[in-house]
Amino acid sequence: MTASDPRPAGPGGGTQPEEADRLRELLRSPGYLKALVFCALIGVPVSLVAFWFLVALHKLEHLMWGDLPEALGWGAPPWWWPLPLLLVAGAAVGLVVTHLPGAGGHIPASGLHTGGITPRALPGVILAAVISLPLGATLGPEAPLIALGGGLALLFRDLARVPATAKSTALLGAAGAAAAVAVIFGNPLIAGVMLIEVAGVGGPQLFAVMLPALLSSGVGSLVFTGFGRWTGLSATSLSVKVGVPAPRLDAGDVVWAVLMAVAIGVVVHLIMGGGRMTARFVAKRPVVRTALSALAAGACAAVYALTTGRSPADVASSGQATLSRMAADPHSWGVGALIAVLLCTGVAYSLCLGSLRGGPVFPSLFLGCAVGVLLAPLPGLGVVPGMAAGMAAATTSALRLPVSSIVLVVLVLGSVAMVPVVILAAVVAFVTTQLLPPGSAVPPVGKPAEPQTVHPPAAGLSGSA
């Protein structure tokens, strides 16, 4: 600050009055106000579609892993059950990738994305997710739902004959994705936090993207919650109930959280790298090699079931249900079962990241929780601090979004008691993964959608290095 320019510097090299003037000008513009109203409106249909999509996935998964084995005379899925299911899933996803526009959506190994899906690609995104997730992919539903939300927002824009510009595409894509994020994680707050962290900008540009997303996610969350009550159906959001009391944090919890975060950061970095290797392997012959990769993931679940006597669904799933059971009764898991589920899930996760379609969030949370339970007997480390630190470190390492991961883990736990170790583990894991050699990019595969006419900035969310 000098005598000739007494105004304090603001973000991005500008000055605070200039930034405030630009923001006021933006908020007063008729086009932006219309965009806000439109984003609020699209939150309603996006949340309804997301609700039924999650219900359909839940019903199909219960059919394949509960009703069908019982109908065939088994009380639980036999050890070999994942093999035919994932073989079929791999072959079918390979056909979707090669024959439908959009290649079935983003490859999970490349991270989460909120943009890039056109309305024409939506059938392939839905079909690939419906094939992958209920049949045993070690992936979550968040990536297909985010793609579905963004694509639906652009579809509604086209149906309403709203002019397609770079700004409208960025705003509507982010708003639709945010409404989907609110449905997946059961809280609209995580949508706003993710977009703030991803945008990486300040001033009016940040508010321009953030406000429509917050509005759409808030409206969508209200509709989603109320609609579930009206129908009597449930599409469970991600949350756990910890079955053991949370202790007061001490020095041992802090030290172990740091060490755990470093180790988890390295291991998850290798898992994500394995996913990118799988994607490169699959890209050359999508149908055959996707089927082989999915079959190998099924073999991991079968080996786990044979060695532990537990259900292969512990590995051949998103991990959400298993995470809830583990958090509710962590002492029911022996050391051998924890080691087996970590090894088998880690390999299956890496294979599915590069071959099938889904999201990286749920399995990373489960792996982090399992590590925390496994290491909880260490002197000075409690079960709850171990789970909290493990989930924060694993999610941050997979997504490369530390702030979003911190908020997500706190919301999942439903308590702020573990916030110090969650923050510490997330920061240490993020620094660890950033210091490791970056992996190569995921190659394009399959039939692309129609060319995009605009590529707005800050419209994507990528957790890959």
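First, a word on what this report is: a plain description of the structure on this page. What you see is a predicted model, and the numbers here were worked out from it, not measured in a lab.

### So, the pattern of salt bridges
This structure, assessed with the given rule, holds 2 salt bridges. The shortest N-O distance in the salt bridge between Asp158 and Arg157 comes to 3.3 Å. With its nearest N and O atoms 3.0 Å apart, the salt bridge here joins Asp314 to Arg325. Of this pair, Asp314 sits in the loop between α10 (286-308) and α11 (320-328) while Arg325 sits in helix α11, and the two are 11 residues apart along the sequence.

### Some points on the packing of helix α15 (residues 402-413) against helix α16 (residues 419-435)
Their axes nearest at 9 Å, the elements α15 and α16 cross at an angle of 150°. Classified by the interaxial angle, the pair formed by α15 and α16 is roughly antiparallel. You can see that α15 and α16 cross each other, and the crossing is right-handed. Of the residues in α16, those touching α15 at Pro402, Ile406, Val409 and Val410 are Val419, Val422, Ile423, Ala426 and Phe430. Among the residues making up the contact of α15 with α16, the classes are represented as 9 nonpolar, no polar and no charged.

### A look at helix α3 (residues 82-99)
Structurally, the α-helix is built with 3.6 residues per turn, so residues lying three or four positions apart point the same way. The end-to-end C-alpha distance of α3, which contains 18 residues, comes to 25 Å, matching closely the 26 Å that a straight helix rising 1.5 Å per residue would cover. For α3, the full list of buried residues reads Pro82, Leu85, Leu86, Ala89, Gly90, Val93, Gly94, Val96 and Val97. Seen along its axis, α3 keeps its buried residues to an arc of 165°; they face one direction. Turned more than 90 degrees away from the buried face of α3, the exposed residues are Val88 and His99. Residues of α3 that are buried in the fold lie against α2 (30-71), α4 (122-132), α10 and α12 (335-355).

About the thresholds
- Going along each chain's sequence as written, the residues are numbered from 1 onward.
- Only residues with pLDDT of at least 70 get local features here, since the model is predicted, and only at 80 or more are side-chain atom pairs given and counted; chain-wide, interface and lining totals rely on the full set of residues.
- Based on all heavy atoms of the structure, the side-chain values leave hydrogens and waters out of the count.
- In what follows, salt bridge is the name for a side-chain nitrogen of Lys or Arg lying within 4 Å of a carboxyl oxygen of Asp or Glu.
- Helix and strand assignments come from DSSP, with helices taken as H or I runs of at least 4 residues and strands as E runs of at least 2, each series counted from the N terminus.
- Inter-axis angles, ranging from 0 to 180 degrees, are taken between N-to-C directions of lines fitted to C-alpha atoms, where helices are fitted over the stretch in contact.
- With respect to orientation, any angle under 35 degrees is reported as roughly parallel, any angle over 145 as roughly antiparallel, any angle of 65 to 115 as roughly perpendicular, and every other angle as oblique.
- Throughout, a crossing is termed right-handed when the near helix is turned clockwise from the far one, and left-handed when it is turned anticlockwise from it by less than a right angle.
- The contact rule is simple, with two residues in contact once any of their heavy atoms fall within 4.5 Å.
- For this classification, Asp, Glu, Lys and Arg are treated as charged, while Ala, Val, Leu, Ile, Met, Phe, Trp, Tyr, Cys and Pro are nonpolar and the rest, including Gly, are polar.
- Multiplying 1.5 Å by the helix residue count minus one yields the expected span of that helix.
- Only protein chains enter the area calculation, which uses a 1.4 Å probe; residues under 20% of their type maximum are buried, those over 50% are exposed, and those in between are partly exposed.
- The arc in question is formed by the directions pointing from the helix axis toward the C-beta atoms.

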